[in-house]
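Residues per chain, in single letters:
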Amino acid sequence: YALGGALRGAVYPANPSILKCVDTHVRDTDGWHSAGKFQTVRQARAACASYTLMSLECPTSTGFEVFCLSEDMMNAAPTLAVQECEGFPNNPSVTGGSNRHCVGPYFLYEDSVSYALGGALRGAVFRT
């Protein structure tokens with residue numbers, strides 16, 4: 001990152017809208033809805049419109065996986081450090097601390113917001 005200079009600020013998109021990064025091992029047993037694979041957050045929100053939350057996971061060159069869920073479902077999932085959903089996995093209890101086949105890019109810049117796209121069994125949870 002550039003740090004700016006005298007009377008020059010370096011501005012980077014923040015990620016204020018992520019609610020939580022969660023371990024998604026529980027998604028199948030806890031009833032999360034698999035919405036499919038998408039390339040935009042707009043598409044993900046539309047697919048999860050009947051839910052309050054969406055989880056973005058496992059980005060690859062062809063898009064990222066999307067799961068729809070409720071707040072109760074999110075709260076039942078183990079919380080991870082936000083960095084786990086930003087392409088920096090290191091928790092050994094989740095896929096041995098790797099992102100496996102989820103190779104990024106780990107962020108998507110859309111509508112002036114930077115969205116974290118999760119990782120292997122790592123869900124970046126946002127409101128729909």
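It should be noted that the structure appears before, not after, this text.
The shown structure was predicted, so the numbers you read here are calculated from the model rather than taken from an experiment.

Draft legend 1. Quick look at the packing of aromatic side chains. The tally for this structure, following the rule as stated, stands at one aromatic pair. Note on Y115 and F126: the rings are 5.3 Å apart at their centroids and 65° apart in plane angle, and the pair reads as edge-to-face. Of this pair, Y115 sits in strand 7 (residues 113-116) while F126 sits in strand 8 (residues 122-127), and the two are eleven residues apart along the sequence. Residue Y115 is classed as buried on the basis of its relative accessible area of 6%. Under the relative-accessibility criterion, F126 is labelled buried at 0%.

Draft legend 2. Focus on the nonpolar core. Of all hydrophobic cores here, the largest spans 20 residues; its most connected members are A44, M54, L56, F64, V66, A124 and F126. Of all elements in the fold, only helix 1 (41-47), strand 3 (53-60), strand 4 (63-69), strand 7 and strand 8 reach the threshold of two or more residues within this core. In terms of residue count, the dominant contributor to this core is strand 4 (three residues). In terms of nonpolar packing, the next biggest core, distinct from the first, is built from nine residues, V22, M73, M74 and V125 among them.

Each value, and the rule that gives it
Residues numbered from 1 in each chain as written. Predicted model: local features only at pLDDT ≥ 70, side-chain atom pairs only at ≥ 80, totals over all residues. Heavy atoms only, no water. Phe/Tyr/Trp six-rings, centres within 6.5 Å; stacked < 30°, edge-to-face > 60°. Helix = DSSP H or I, 4+ residues; strand = E, 2+ residues; numbered from the N terminus. Buried < 20%, exposed > 50% of the residue type's maximum accessible area, 1.4 Å probe, protein only. Core = buried A, V, L, I, M, F, W, Y, C linked by side-chain atoms within 4.5 Å.

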